[in-house]
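Understanding the architecture of this molecule
So you can see what is in the structure, the chains are spelled out below.
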Amino acid sequence: MKRRDFLQKLLASGFINALPFQMHRAYGAQTVPHFFVMVNAGGGWDPTHFCDPKGLNQAYPDRAGSFNGYDGSVNRVALDENKRIGDIQWSAIPDAFGDTEHDRIENQFDNLFQSYGSRMTVINGLDTGTNNHATGNRYIWSGQSDMGYPSFAALYAGATAPSLPMSFISNGGYDETAGLVARARANNANYLSELADSNYQDSTNGYFYRNQDSSVDVYQSILSAQRQRLVRQQTQETLPLRRKQLAQLLTVREEDANLGAMKSQVDLINENLNLNDHMNNRNRGFKTQAQVAAAAFSSGLSAAVMLNSGGFDTHGNHDVSQTRSLGDLFEGVDYLLQCLSYLGIAHKTTVVMGSDFGRTPYYNSGQGKDHWPVSSMMVLHDSTKNTGGKVFGATSEQFRALAVNSSTGLHDEAGIILTPAHVHKELRVFAGIDQAPATLGFPISKQVLSLF
Amino acid sequence: MALIVFRNFLFILIFTMLAACQNEYDGDVVSDRNAVSDVVINENGRIEYLAQCANCHGVDGSGGPGGTVINCAQCGSLIELSDYIEQTMPTGGNEEECSADCARNTAEYILAAFHDRSFGSVRSQLDGLENLDARGTLRKAAMHLASRLPTVEEQTLVDSQGEAGLDAALDLVLEDKGFYERLMSFYNEQLLTDKYITSNDENGALRLISSDDFEDVYWFNDDGDIEDNQRRCYQAVTNDALAREPLQLVRYLAMNNLPITDVVAADYILLNWYSLKSYSAELVSGENPDDAFNRATSQQQLAQQEKYWQCRDSRETFLPFDPDHYLPARITKSTEWSGTGLPHAGLLSSVMFLNRFPTTVTNRNRARASTVFDLFLDTDILAIEGARPEDAIDLTSSNPTLENQACYSCHHIMDPVASSFQHWTDTGRYIQTTAQTNDNNWSSAGIQSAGLAGVVAPLSGGNSVFSNLLSWLGQKIATDARYRRSVTRILYQGLTGTDTLVATETSSAAQQVAYDAQRTILDQIALDMQNQNFNIKVAVKGLIKSPYFRATALTQNTDLVDADTGSSRLLEPVQLQRKLQSVLGASWSDLDSANNQILFGGMDSDDVTTRIKDPNGIMVAMQQRMAVEMSCNTVAADFVRLRTPQDNKRLLFPYVSTDTVPKDKDGFELDSNISAIKHNIQYLHWRLLAEDVTANSDEVNQTYALFEQVWREGNQLLKDDALDNERYSPRPSVYLSWRCDAYEHPDTGVELSGQDRINRDDNYAIRAWTAVVAYLLSDYRFVFE
């Protein structure tokens, strides 16, 4: 099917025996064992600009001269052997900026890899098989290029804690839920404290009367009546669509949305990790998303979050725009990791970075780079892991995906071409949800590798 | 040659799909189809079929050299089958011999004769589904379309004439200003041009317009008649008129019952007095703008102050013309690269559309073409069958989109449309590609010539359309059979919040049945609209009267409906605000904030381009907070409104007063009071929740139980023994909180005199009603209309 998948609709409906929200309540405890942050670099990033650099290799001599001084290389900056940790080599910064900006961006790049490279796995040579934004983004984040599969963050939240108030927070990117979990928007926490107590009027009074210790509380009578009515409505409803909606509402309402605690966590972050002092505060929007993600995890409201950053669809002036966007993103991810660490949950949070696809290994006449199906993902493991700087997968000098050995991830002509499906197969196992009821409706028939 | 290969490919594909269909269909499908109303045979179609088709497909459609046409892959939809016949039949180089009416008549005959399908009138009933009655449908339609309750006139029509009166009542709803706003919202969900309005981006639209072409874009900065402290107000009003130009075209066409095909074909744009100045445009009527546009009333000026903080700098009203009055206009002045103005092509040539769906040197308008197919031709380019290269890389062909069959299968459809945009640059400027400028980097090399559906746009000779290719494209789209279907789909998505069903060769029989049923109904709605001068209101009414809007209960299991059938949809933030205003007489200030609208599932047409359909913890908390605050704000206030036997202006409590309590002071039940309270509760269930219940129903009794409990416990709180008990701290009071009392008249805002104010609640009745209203406002049915 295009646009919509019947499987998704049936799963999300009242036609089948179990409603998805209810179906998984028994499976996963509401104390989430691990958190996931998926970082979407919207538009299609260029792995050769950071984690799979090729340098001045003149791999496409027939493309040379498409503009002044271009020699047909994949990149326009030489490899720097000093920029390496373990097996990970990252790119130097092209000579496209003034000194101040060059230094800042180089610092953003170096800081990410130097600070976190030892717990990082870079997955190179991922073949998305598409040059289309929507298809690529869907494939990268769901492991399935066709429509209907849930984004991994939604799948994980749906499998482990579907009834948490903000189990799956999305700030953009492919965030299909397939009816497994409600999607929440939350990019800043300013208003949330007001929502923490619906009956709050002032420090002394509720709108509806309650005494100081809440042993007398008129509002509880209203809540109790609401709850009973919702159960009656769900029992009596026959239309599948409304049955589904009522089930979702009942599930979410049964959880205690401790939004006040979340706001407190954000306040703590703001007091101790100042946005304005942090590396020139270039990507503040992403950082506020990161604050909310960390606070939502820490206060037990959320299981998985999608963060979103744009600016990667660099068809023109690629070196400047792509490098600048990557620097901002890396700074934002560093801030996210600081937030997680500050709130004491870095040891149980995995961050996965990805984008729609890659970009051509040569420049167009506008000094831009167009769409290219080969891409990379980066996994920043929790703080207990030490990969030593691991790379899995490989590409040729022409930035084509190479077949790799399924155990070592090294080039092996008898091996396999990596796809996002392989990554998601592995992610599901790693997250412990590969056999969860929620997952079984969205199978991925790939072998398990040794990615993580 | 390539075309022949493609046709062969299609033939193989369809043949495969036919085989798949035959395996999947069983007798149940036929029985379901028999549920459809009486079959009408298209006689012209029968003649065509017998003359041109029967030799290959059998007189009875059951087969021959060309295979059966019964349950064929395209047989789920009249339009689909008609298009298919037009493009591919008869085979063997005779494809031109059955197009337009021939194709449609033949398709109707095949579907009627061999599939028992009717093309008479739109069905309003699906077996196994119970529909809302006329009263419920009107209420729901008024709320969905105009975000308000039915008017007395509308209600009377339905009450007196039932189903027959529904049509006339809906006509009145479709004249409501709120409906046109809603219609623009439906289209914005697709176009996303509200990204550029002031509340999202203060200069968003103005910034997109080239000052090289339009030197007066920021006309308000140079106008000596405008005070300095008023310029930002003019700027906001101008910006939003420019930003909403494409949506205003939709509104204008609907308001004037003009063909909705002009969305892509109009040779004019919609401007108000302010945006007209930015473009230095001329009205189509030739009138002087100062004479043609309506002068702003003081009420309209105050509305702008309400809407824009930029207009509140001065207490004076100063906007001379009504910002909501738009008229057709044309840009006829010279621009930098055109001496004769711009060739308008509906919203396709709008600067807003062209920037919202931009292009690049290498993309070559293909993203724009893909959008056009999706929005106006009901075609998902990516779903077109074809084998893409394994790794989507072809470095051997000098031009893969022309030379590689795998690429060509899509590109030969998409690229002619892309080429039709060639004169419109990435920033939306009109620069003909023959102009000697680097500002338009288009090259016609390596891409197919402009066209649509196999028809190539004439680029030379007397009928050349070279200079207005996009207008030519718009005209072609307007006459394409897929356009009417795309309009219906946009409306369906807007009304139900879900996309229309799609079926493929892998769909199950049940899926195919649901798809088939929906396609039949939607196709007929689209056709009715076309037959009535493409009046979009015809399609809106058709959808409202269809089971996809009216379904209220499932009475038996059936494949005719799928999991999303019905239109129970979470209200958008703006809709919720309007509903609150309509049913309570006040809106919720917290929901005015753009950020809070996002939290409640709204979109900003920029970073957030989809609405949330399922409730999450934050949205539930917001609803509960809204329920508490709004019940506090409106309950005491409603008791201020006049209530006499002759004139009852109460919105919430027309049947009770503040001394209508269940028992007298000695504890005896007051039957008439209890009856009045229940009657009012019954009324509130309908007013707030559209729930038609009797005064003695379980739901009314449950709500009454809450009222009675809060009233009884509240009175206990006010007794001396409670007041003297330290446990009751803070001390319960006979006074209402200052947030909940009635100090001003809710309708006039005029401060009430002492005796008219309501700030005491000695018998706890107001607070008991506040609890009831909070209970109902936090209900599922209040936010899922």
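As the structure is a prediction and not an experimental result, all values here were calculated from the model.

Here's the deal with the overall build of chain A
Regarding its fold elements, chain A presents 13 helices and twelve strands. For 452 residues, the compact-globule formula gives about 22 Å, and the C-alpha radius of gyration of chain A, at 24 Å, lands near that figure. By principal-axis analysis of the C-alpha atoms, chain A measures approximately 80 × 50 × 40 Å. Per-residue burial over chain A gives 59% buried out of 452 residues. Excluding contacts between residues fewer than 6 apart, the proportion of contacts in chain A whose partners are at least 24 apart in sequence is 71%.

A closer look at the overall build of chain B
In terms of regular secondary structure, chain B is built from 33 helices and seven strands. With 785 residues in all, chain B has 47% of them scored as buried. Long-range pairs, those at least 24 residues apart, make up 68% of the contacts in chain B with a sequence separation of at least 6.

Quick word on the environment of Phe442 of chain A
Residues and elements named next belong to chain A. As for its placement among the helices and strands, Phe442 is situated in the segment after helix 13 (437–440). Among the residues examined, Phe442 registers 21 C-beta atoms within 10 Å and is labelled buried. Each C-alpha atom, one on Phe442 and one on Ser142, is 9.6 Å from the other, the two residues being 300 residues apart in sequence.

Things to note about the nonpolar core
If you look at the biggest cluster of nonpolar residues, it comprises 175 residues, and the most contacted ones within it are Ala153, Tyr156, Ala293, Ala296 and Leu336 of chain A together with Ala771 and Val772 of chain B. In terms of residue count, the dominant contributor to this core is helix 28 (residues 617–640) of chain B (14 residues). In this structure Ala771 of chain B touches Phe208, Val218 and Ile222 of chain A together with Leu706, Phe707 and Val710 of chain B, once residues within four positions along its chain are discounted. If you look at the next biggest cluster of nonpolar residues, it comprises 131 residues, including Ala146, Ala266, Met414 and Tyr483 of chain B.

Let's talk about the interface of chain A and chain B
Taken together, the contact pairs 71 residues of chain A with 66 residues of chain B. Of all the secondary-structure elements, those providing two or more residues to the side of chain A that touches chain B are helix 1 (6–11), strand 6 (183–184), helix 6 (192–195), helix 7 (218–236) and helix 8 (240–254) of chain A. Counting residues per element, the side of chain A that touches chain B draws most heavily on helix 8 of chain A, at nine residues. Its residues assigned to classes, the side of chain A that touches chain B comprises 31 nonpolar, 26 polar and 14 charged.

What about unusual backbone geometry?
Residue and element names in this part refer to chain B. For the peptide bond that leads from Met89 to Pro90, omega is -15°, which places it in the cis range. Relative to the helices and strands, Pro90 resides in the loop between helix 5 (78–88) and helix 6 (100–115). Cis geometry marks the peptide bond from Ser729 to Pro730, where omega comes out at 5°. In this model, Ala453 sits at a positive phi of 50°, which is unusual for a non-glycine residue.

Considering the confidence of the model for chain A
This prediction gives chain A a mean pLDDT of 87; 91% of its residues lie at or above 70. Contacts from residues 1–29 of chain A, a stretch scored under 50 in pLDDT, to residues over four places away or in other chains number 81 contacts.

A word on the sheet that holds strand 4 (residues 327–330) of chain B
Residue and element names in this part refer to chain B. Strands sit in the order 2-4-3 across an open sheet of three strands; the sheet is antiparallel. Edge positions in the open sheet fall to strand 2 (269–271) and strand 3 (282–283), since each of these has one partner strand only. Judged from the three bridges that link them, strand 2 and strand 4 form a sheet pairing that is antiparallel. Paired with Ile269 across the bridge in strand 4 is Ala329.

Topic: the sheet that holds strand 11 (residues 374–380) of chain A
All names here are of chain A. Reading across from one edge, 6-5-7-1-8-11-4-12 is the order of the eight strands in this open sheet, with mixed pairing throughout. Single-partner strands in this sheet number two, and they are strand 6 and strand 12 (390–392). With six bridges joining them, strand 4 (residues 120–127) and strand 11 adopt antiparallel strand pairing. Bridging across to strand 11, Ile123 finds its partner in Met377. Lying over the sheet, helix 5 (residues 152–160) contacts strand 1 (35–41), strand 5 (168–170), strand 6 and strand 7 (304–309), oriented at roughly 165° with respect to strand 7. The strands touched by helix 11 (residues 318–342) are strand 1, strand 7, strand 8 (349–355) and strand 11; relative to strand 8, the strand with the most contacts, the crossing angle is about 165°.

Quick notes on the pairing of strand 8 of chain A
Residue and element names in this part refer to chain A. The element strand 8 is extensively covered by neighbouring structure, given that seven of its seven residues are classed as buried. Burial along strand 8 is two-sided: Thr349, Val351, Met353 and Ser355 and Thr350, Val352 and Gly354, pointing in opposite directions, are all buried. Here strand 8 pairs with strand 11 via three bridges, running antiparallel. Following the sheet pairing, Val351 is matched in strand 11 by Leu380.

Side note on the domain arrangement of chain A
Residue and element names in this part refer to chain A. Split by domain assignment, chain A resolves into domain 1 (19–195 + 257–440) and domain 2 (197–254). The C-alpha centroid of domain 2 is placed 39 Å from the C-alpha centroid of domain 1. Counting residues at the interface gives eight residues for domain 1 and seven residues for domain 2. Partitioning the side of domain 1 that touches domain 2 into residue classes produces five nonpolar, three polar and no charged.

Notes on the confidence of the model for chain B
All names here are of chain B. Put simply, chain B has an average pLDDT of 86, and 89% of its residues get 70 or more. Below a pLDDT of 50 lies the segment residues 1–39, which in the model reaches 53 contacts outside its immediate sequence neighbourhood of four places, other chains included. Scoring of the predicted complex yields 0.80 for pTM and 0.79 for ipTM.

Brief notes about helix 5 of chain A
Since the α-helix packs 3.6 residues into each turn, any two residues three or four apart lie on the same face. With nine of nine residues buried, helix 5 of chain A is to be regarded as a mostly interior element. Those residues of helix 5 of chain A that fall on the buried side of the exposure criterion are Phe152, Ala153, Ala154, Leu155, Tyr156, Ala157, Gly158, Ala159 and Thr160 of chain A.

So, the packing of helix 10 (residues 177–191) of chain B against helix 12 (residues 245–255) of chain B
Residue and element names in this part refer to chain B. At their nearest, the axes of helix 10 and helix 12 sit 9 Å apart, and the two run at 140° to each other. Taken together, helix 10 and helix 12 sit at an angle that is classed as oblique. Helix-helix and strand crossings are classified by hand; for helix 10 and helix 12 the assignment is right-handed. In this structure, helix 10 uses Tyr180, Leu183, Met184, Tyr187, Asn188 and Leu191 to contact helix 12, whose residues at the interface are Pro246, Leu247, Val250, Arg251, Ala254 and Met255.

Details of the packing of helix 29 (residues 671–689) of chain B against helix 30 (residues 698–718) of chain B
Residue and element names in this part refer to chain B. Following both chains from N to C, one finds helix 29 and helix 30 inclined at 115°, their axes separated by 9 Å at the closest point. As helix 29 packs across helix 30, the resulting crossing turns out to be right-handed. Counting all contacts with helix 29, which are made through Ile677, Lys678, Ile681, Gln682 and His685, the residues of helix 30 involved are Glu699, Val700, Thr703, Tyr704 and Phe707. Classifying every residue of the contact of helix 29 with helix 30 by side-chain character gives five nonpolar, three polar and two charged.

A closer look at helix 26 (residues 573–584) of chain B
Residues and elements named next belong to chain B. For helix 26, which comprises twelve residues, the first-to-last C-alpha distance of 16 Å matches the rise-based estimate of 16 Å (1.5 Å per residue) to within 8%. Among all positions of helix 26, only Pro573, Gln575, Leu576, Arg578, Lys579, Leu580, Val583 and Leu584 are buried. In this structure, the buried side of helix 26 is in contact with helix 7 (134–146), helix 10, helix 27 (594–599), helix 28, helix 29 and helix 33 (780–783). Two residues or fewer past helix 26, Gly585 is found with a positive phi of approximately 85°.

Description of the pairing of strand 1 of chain A
Residue and element names in this part refer to chain A. Most of strand 1 is tucked away: seven of the seven residues are buried. On strand 1, burial covers both faces: Phe35, Val37, Val39 and Ala41 on one face and Phe36, Met38 and Asn40 on the other are all buried. Direction of pairing for strand 1 relative to strand 8: parallel, over a ladder of seven bridges. By the bridge assignment, Met38 is partnered in strand 8 with Val352.

Cut-off values and rules
- Residues numbered from 1 in each chain as written.
- Chains lettered and ligands numbered in written order.
- Predicted model: local features only at pLDDT ≥ 70, side-chain atom pairs only at ≥ 80, totals over all residues.
- Helix = DSSP H or I, 4+ residues; strand = E, 2+ residues; numbered from the N terminus.
- Rg over C-alpha atoms; globule rule 2.2 N^0.38 Å.
- Buried ≥ 20, exposed ≤ 12 C-beta atoms within 10 Å, placed from the backbone.
- Contact = placed C-beta atoms within 7 Å.
- Core = buried A, V, L, I, M, F, W, Y, C linked by C-beta atoms within 7 Å.
- Nonpolar A, V, L, I, M, F, W, Y, C, P; charged D, E, K, R; others polar.
- pLDDT = per-residue confidence, 0-100.
- Pairing = 2+ DSSP bridges.
- Axes fitted to C-alpha atoms, helices over the stretch in contact; angles between N-to-C directions.
- Domains from an automatic or database assignment.
- Parallel < 35°, antiparallel > 145°, perpendicular 65-115°, else oblique.
- Left-handed = near helix turned anticlockwise from the far one by under 90°.
- Expected span 1.5 Å × (residues − 1).

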